[in-house]
Structure formats: C-alpha cells, structure tokens
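# Inside the fold
Now for the letters of each chain:
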Amino acid sequence: GENVEQHPSTLSVQEGDSAVIKCTYSDSASNYFPWYKQELGKGPQLIIDIRSNVGEKKDQRIAVTLNKTAKHFSLHITETQPEDSAVYFCAASIISGNQFYFGTGTSLTVIP
Amino acid sequence: DTAVSQTPKYLVTQMGNDKSIKCEQNLGHDTMYWYKQDSKKFLKIMFSYNNKELIINETVPNRFSPKSPDKAHLNLHINSLELGDSAVYFCASSRMGAGANVLTFGAGSRLTVL
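In this convention, every chain numbers its residues from 1, walking through the sequence in written order. Ligands are numbered from 1 and chains lettered from A, in the order in which they are written. Only residues with pLDDT of at least 70 are given local features in this predicted model, and only at 80 or more are side-chain atom pairs given and counted; all residues enter the totals for whole chains, interfaces and linings. The side-chain figures draw on all heavy atoms in the structure; neither hydrogens nor water molecules are used.

## Thoughts on the overall build of chain B
Under the scheme used here, helices are H or I runs from DSSP no shorter than 4 residues and strands are E runs no shorter than 2 residues, and both carry numbers assigned from the N terminus. When you go through chain B residue by residue, the secondary structure sums to zero helices and 11 strands. In chain B, the succession of α and β elements from N to C terminus is β-β-β-β-β-β-β-β-β-β-β. A radius of gyration in this sense is built from C-alpha atoms; the matching globule rule multiplies 2.2 Å by the number of residues raised to 0.38. The C-alpha radius of gyration of chain B comes to 14 Å, within 12% of the 13 Å expected for a compact globule of 114 residues. Based on the C-alpha atoms only, the size of chain B along its principal axes is roughly 45 × 25 × 25 Å.

## Here's the deal with the sheet that holds strand E8 (residues 73-78) of chain B
Residues and elements named next belong to chain B. Strand order in the open sheet formed by four strands is E1-E3-E8-E7, and the pairing between neighbours is antiparallel. Looking at the sheet topology across the chains shown, the edges are occupied by strand E1 (4-7) and strand E7 (64-70). Between one strand axis and the next, the sheet turns by 15 degrees as a mean value, whatever way the strands run. When DSSP finds two or more bridges between a pair of strands, those strands are recorded as paired. Note that strand E3 (residues 19-25) and E8 share four bridges and pair antiparallel. Bridge assignment links Lys19 to a residue of E8, and that residue is Ile78. Axes, fitted as lines to C-alpha atoms, cover a helix only where it is in contact. Angles between the N-to-C directions of the axes lie from 0 to 180 degrees.

## Observations concerning the pairing of E7(B)
Residues and elements named next belong to chain B. With five bridges connecting them, E7 and E8 associate as antiparallel partners. Paired with Lys67 across the strands is Asn75, a residue of E8. Counting the residues that bridge the hairpin from E7 to E8 gives two residues.

## Some points on the side chain of B:Gln37
Considering the arrangement of structural elements, one finds B:Gln37 in strand E4 (residues 31-37). Three exposure classes are used, based on accessible area relative to the maximum for each residue type with a 1.4 Å probe and protein chains only: buried under 20%, partly exposed in between, and exposed over 50%. The class of B:Gln37 is buried, set by a relative accessible area of 3%. In this analysis, two residues are considered to be in contact whenever any of their non-hydrogen atoms come within 4.5 Å of each other. Every residue in contact with B:Gln37, bar those within four places of it in the chain, is listed here: A:Gln38, A:Phe89, B:Phe42, B:Leu43, B:Ala87, B:Val88 and B:Phe90.

## Side note on the pattern of salt bridges
Residue and element names in this part refer to chain A. Salt bridge, as applied in this entry: a Lys or Arg side-chain nitrogen positioned within 4 Å of an Asp or Glu carboxyl oxygen. In total, this model carries six salt bridges over all chains according to the counting rule given. When the shortest N-O distance is used, the salt bridge between Lys37 and Glu39 registers 3.4 Å. Among the residues examined, Lys37 registers a relative accessible area of 14% and is labelled buried. The partner of Glu39 in a salt bridge is Lys42, with the nearest N and O atoms 3.4 Å apart. Judged by its relative accessible area of 31%, Glu39 falls in the partly exposed class. Taking relative accessible area as the criterion, Lys42 reaches 46% and is therefore assigned partly exposed. The structure contains a network of salt bridges with shared partners spanning Lys37, Glu39 and Lys42.

## Topic: the packing of aromatic side chains
Only rings of Phe, Tyr and Trp enter the pairing, Trp through its six-membered ring, and a pair is recorded when the two centres are within 6.5 Å. The plane angle decides the type: under 30 degrees is stacked, over 60 is edge-to-face, the rest tilted. As enumerated under the stated definition, the model contains 14 aromatic pairs over all chains in all. Ring geometry for A:Trp35 and A:Phe73: centres 5.6 Å apart, planes at 70 degrees, overall edge-to-face. Residue A:Trp35 is located in strand E4 (residues 32-38), and its partner A:Phe73 is located in strand E8 (residues 72-77); the two are separated by 38 residues in the primary sequence. On the accessibility criterion, A:Trp35 (0% relative accessible area) is buried. Exposure remark for A:Phe73: the relative accessible area of 0% places this residue in the buried category. Ring pairs connect the aromatic residues A:Tyr36, A:Phe89, A:Phe100, A:Phe102, B:Tyr33, B:Tyr35, B:Phe90 and B:Phe105, which therefore count as one cluster.

What follows is the structure in structure tokens.
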C-alpha cells in the first residue's frame, strides 16, 4: 500500500518568512495530493491540492509543487502570518478513489 | 450551513462502558469515513462507507461497529471502552466519481476513557 512521509514534524518561523513542508509517497499510482490545515480544536480543512498532470499550483500565499519522478511534493507558504499557525497534513490518493493516505503532520508556529 | 456534523464534541467515560458518536453530512456526498487521531496527531482511517455499504475496514477491534442508516449518516458505536481508545474521532465525507475526491471533515469528537 501507499506510504506517505512528511517532514518536518515541527516548524517555527518568524512572521513574514516562508515555510516549506515536504512529503514523499511510495505508490506511483497515486495521482492526487491534497493538503489539509488543522487549527486547534477543529477538523482538518482542505487548503490546496494538486493532480499529477500538474507540476505546480498556486493560490495567493500558498503553493504546492509536485515531482512525480522523485515521488515528492511540497507545500510552500510565503509571507507567513500568525493565523497560519496550525498542523498541516499532506495526503496521497487516487482521483475518484476513496482511500487517502495521510502524512504524520507538521505543527507550524509563526512567531509574531 | 452545509457541513459534516458530529456529536458529541466531548465524551468522558469509564473503562468498560459502551458509547456512540453520531455523524451527519448535508453535502450530498455518497462516501463517509471515520478517522482516529491520536495524541501525536496521526490521522488513521478506520472505516469508509459508500451509499451505506462498507468499503474500507482497516484493522480495528471488533468493539468498534459503524452503522450507516442512510448515505447521509455514519455512526460509530464502541463497546467495552479501553484506555487506548482515548483519541479524537473525525467523521468525514466525500463524493466519489469523476474529478478529485475531496474530503470534508467534521470538527471532531474527543473521547476520554478514564
């Protein structure tokens, strides 16, 4: 089955700096890679996703890159703000499938 | 509000008791899930139902029994609760078919077994 690894487990950045979270996956059949943000006391919420036919996707301060050959994908947050502080999860799946494989999470702290 | 709603949000109980967590979604999704999040924040799939039919059943003790009366509801019943069952349980839903299968999570139910 699929195995998703995520690094780092914790990340602290100064407000305004960039944050990068990296994930690797093992199953070349995976073709859909969502990222979820979990704020304290809440459920994970989808923030951005990317399909395997695209190498990069951007949404304002958030971007995700995908390297299919190396089987890794990354989340980039620029100009970080205190409200970006949360736990971030990457996941791998097959489009139209029902099995999501989650990474182990990254606790991001943005220091004002 | 369109959402995945689960109740109760908090549940404190003694070892050996039986408890249930309810989940409802009004998003029109046809697939529902239960995930367990432990103290290290790891998210683990427990069950998945598609149109009331069980499609994913990970290695979960028989004490956990999901029930889906219709495709908008997926409840989780836990018998003979143990200390290790303490966790946050998340219900989620998605729509299968063409296009990305986006997961929508509920707010979670924190279970504490004493």
